[in-house]
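Here is what each chain is made of, one letter per residue.
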Amino acid sequence: MKYDNSGELIFWSIGTIPSDEDRRGERGALKRFSTMWSSFRQGKKDKVKDLVPPEPLGPAPDTVRQQRYASGQNFFEYLVVVSLKKSKEGDYQPQITYQFPKKDGMVRFQREEEEKTLKAITLFCFPEGISWAPLTEYHSETFSFVLTEIDGSRRNGYCRRLLPNGNGARPPEAYCIISRLACFGLFSKIFDEVEKRRQISMAMIYPFMQKLREAPFPAPGNTVQIKSFIPESGTEIISLTRPLDSWLEHVDFATLFHCLTDEEVLLVFAAAVLERRIIFIAEELGTLSQVLHAVAALLYPFTWQHTFISIIPEILIDVVMAPTPYLLGVQKRLLDQVTDQSDLVVDLSDDKKKTFIASVGDEKTILPPKLQNEILQALRDRKEGTSVEELNRVVSEAFLAFFVKTVGHYTSYVKYSGPGQHGTFEKRSFYKAIQSKTTRHFVKKFIQTQMFDLFMQEVEQQQPGPQQGIFHKKIVEHQEKKKVEKVKRH
């Protein structure tokens, strides 16, 4: 591995890959990984922007269509089927056996880049490597991963692994959808439809995916309907609805709170908010991907700016030795290789002996005690058996309130020298204005993080005036509440 002077990862060695002819493709894929999953300083594309709530639907048909659908967005780029094929050596290698649509007309450079990406996808679909054997039973599982390109843009991989039709023992296969859109629940439903058609024939998948590809992607809170014909069932209408809170549509907090207690989630949040190196351990790939995305969502309105890999392919396990911050998901059978390599190692397994296998030891003291208690109290308000949407609302508001109370006064400390000029954030005055000693101590550390730094860079380039978005809405509500309380005291 190589790092630049600041410790940032700039290249991953290919020394761990066998050099025989059959594995040459993985060399290119591994070089591709060096840019795919590094999201260190990616410029404007990944800086935090509050999402603007959708406007009420108007009466005009063109307006309705514009607001019901996200302009210029398609559901997916392509669908691939990854199968395990037996090599001459007797092991199983993941290979793409189906791709829709086929990308034609690419020049040589584009074709080579596409081949590297597709090879990388096969490794993410089967991160266990070549340790497979034919099976007679296999529990279907759905998980996701993120591909970060050279230019900082991101694509989401949604994967479902299942046992294909047939008799006797056979290896599982994976269906993978690559999309610019982050909406795990929506793509899980699409996989249900793909799997149902696969049980009939591979030929049944094509017309459904073609209809889906032609359909406009719905705006938050809206639904798109897809017509699809199935023999013996006739024409079916499939409704696909996006959640209203679009910034949470890739998140389901249920798995996180199933694996960890409220207090344990708070300790993980404390380590993440200071951008530490955190590894999550689990057997199930779906558990890893859901928990990592949930932890990243707790940081809203800030965005995790460092390495984020929900599931590490076994061939690249050395990434745990990186000196820079990361959120990583590792399968439990690789636990011995990662225990001593991180600031926090979190066991998500049901049969765990202890949750935190390794830790710095100060996680309980990072957050101000009063605000810790407020988060825990807010989390206790959630009810058993609540819907995904309601759970997401309760959890997200609990952690969003934490940032409102700690750094929500930042707008008062961005000063402008004149009209049309960029602002300047007065960092020292900002944290010194905090009255609580414990909160000030936390904020002094938090403002050193890259996620806060990039957030404020974005703010400095905006013009002064009312801001939109859920974070600013909560800040205004909090400020109004404080004014009312002050009047009551006097």
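Residues numbered from 1 in each chain as written. Predicted model: local features only at pLDDT ≥ 70, side-chain atom pairs only at ≥ 80, totals over all residues. Heavy atoms only, no water.

Turning next to the pattern of salt bridges. Any two side chains of opposite charge can pair, given that their charged atoms come close. Tallied over the entire structure, the rule returns 27 salt bridges. One salt bridge connects Arg155 with Glu77, and the closest N-O pair in it is separated by 2.8 Å. Of this pair, Arg155 sits in strand β7 (residues 154-162) while Glu77 sits in the loop between β3 (69-74) and β4 (78-86); the two residues are 78 residues apart in sequence, bridging distant segments of the chain. Of the two residues, Arg155 and Glu77, both sit in the buried class. Ionic contacts of the salt-bridge type, sharing partners, join the residues Glu390, Arg393, Glu397, Lys474 and Glu477 into one network. (Salt bridge = Lys/Arg side-chain N within 4 Å of Asp/Glu carboxyl O. Helix = DSSP H or I, 4+ residues; strand = E, 2+ residues; numbered from the N terminus. Buried < 20%, exposed > 50% of the residue type's maximum accessible area, 1.4 Å probe, protein only.)

Of all six residues that make up strand β14 (residues 326-331), six are buried, and the element is covered over most of its length. Residues Tyr326, Leu328 and Val330 of β14 are buried on one face, and the alternating residues Leu327, Gly329 and Gln331, pointing to the opposite face, are buried as well. Where strand β12 (residues 277-282) lies against β14, six bridges are found, and the strand directions are parallel. Note that in β14 the partner of Ile278 across the bridge is Leu327. As paired elements, strand β13 (residues 307-309) and β14 share three bridges and run parallel to each other. Counted as the bridge partner of Thr307 is Tyr326 from β14. (Pairing = 2+ DSSP bridges.)

Going through the model one piece at a time under the given rule, you end up with 27 aromatic pairs. Centroid distance Phe126 to Trp132: 5.6 Å. Interplanar angle 85 degrees. Geometry classified as edge-to-face. Neither residue differs from the other here; Phe126 and Trp132 are each classed as buried. Between the aromatic rings of Tyr410 and Phe471, the centroid separation amounts to 6.3 Å while the plane-to-plane angle is 5 degrees, which identifies the pairing as stacked. Taken together, the residues span a long stretch of sequence, with Tyr410 in the loop between α10 (388-407) and β17 (414-416) and Phe471 in helix α14 (residues 470-489) at a distance of 61 residues. Each member of the pair Tyr410 and Phe471 is classed as buried. For Arg197, the ring lying beneath its charged end belongs to Phe208, and the centroid distance is 4.5 Å. Stacked on the ring of Phe76, the Lys or Arg Arg213 has its end atom at 5.8 Å from the ring centre. (Phe/Tyr/Trp six-rings, centres within 6.5 Å; stacked < 30°, edge-to-face > 60°. Lys NZ or Arg CZ within 6 Å of the ring centre and 35° of its normal.)

For Tyr326, the location among the structural elements is in strand β14. Tyr326 sits 17 residues away from Ile309 along the chain, and the two C-alpha atoms are 8.0 Å apart. Here Gln341 takes part through its backbone oxygen, which lies 3.0 Å from a polar atom of the side chain of Tyr326. (Polar contact = N/O pair within 3.5 Å; in protein donor to acceptor, adjacent residues only side chain to side chain.)

Ile121, Phe253, Leu256, Phe280 and Phe399 are the most contacted members of the largest nonpolar core, which has 107 residues in total. Look past the residues within four positions of Phe280 in its chain and what remains in contact with it is Val268, Leu288, Val291, Leu292, Val295, Leu327, Leu328, Gly329, Val330, Val346 and Leu348. Residues Val81, Leu162, Ile190 and Val194 belong to the second largest nonpolar core, which totals 28 residues. (Core = buried A, V, L, I, M, F, W, Y, C linked by side-chain atoms within 4.5 Å. Contact = heavy atoms within 4.5 Å.)

For the rest of this paragraph, the subject is the packing of helix α9 (residues 369-380) against α10. Interhelical geometry of α9 versus α10 gives an angle of 160 degrees and a closest axis separation of 9 Å. The angle between the axes of α9 and α10 places the two elements in the roughly antiparallel class. Regarding α9 and α10, the two cross each other, and that crossing is right-handed. Across the interface between the two elements, Leu371, Glu374, Ile375, Ala378 and Leu379 from α9 touch Val394, Val395, Ala398, Phe399, Phe402, Lys405 and Thr406 from α10. Partitioning the contact of α9 with α10 into residue classes produces nine nonpolar, one polar and two charged. (Axes fitted to C-alpha atoms, helices over the stretch in contact; angles between N-to-C directions. Parallel < 35°, antiparallel > 145°, perpendicular 65-115°, else oblique. Left-handed = near helix turned anticlockwise from the far one by under 90°. Nonpolar A, V, L, I, M, F, W, Y, C, P; charged D, E, K, R; others polar.)

Adjacent strands of a sheet form backbone hydrogen bonds with each other and so pair up, either parallel or antiparallel. Here five strands make up an open sheet; going across it, the order is β5-β4-β8-β7-β6 and the pairing antiparallel. Two strands bound the open sheet, and with one partner strand each, they are β5 (92-100) and β6 (141-148). Averaged over neighbouring strand pairs, the angle between their axes works out to 25 degrees when direction is ignored. Bridge count for β6 against β7 is eight bridges, and the pairing is antiparallel. Paired with Leu147 across the bridge in β7 is Arg155.

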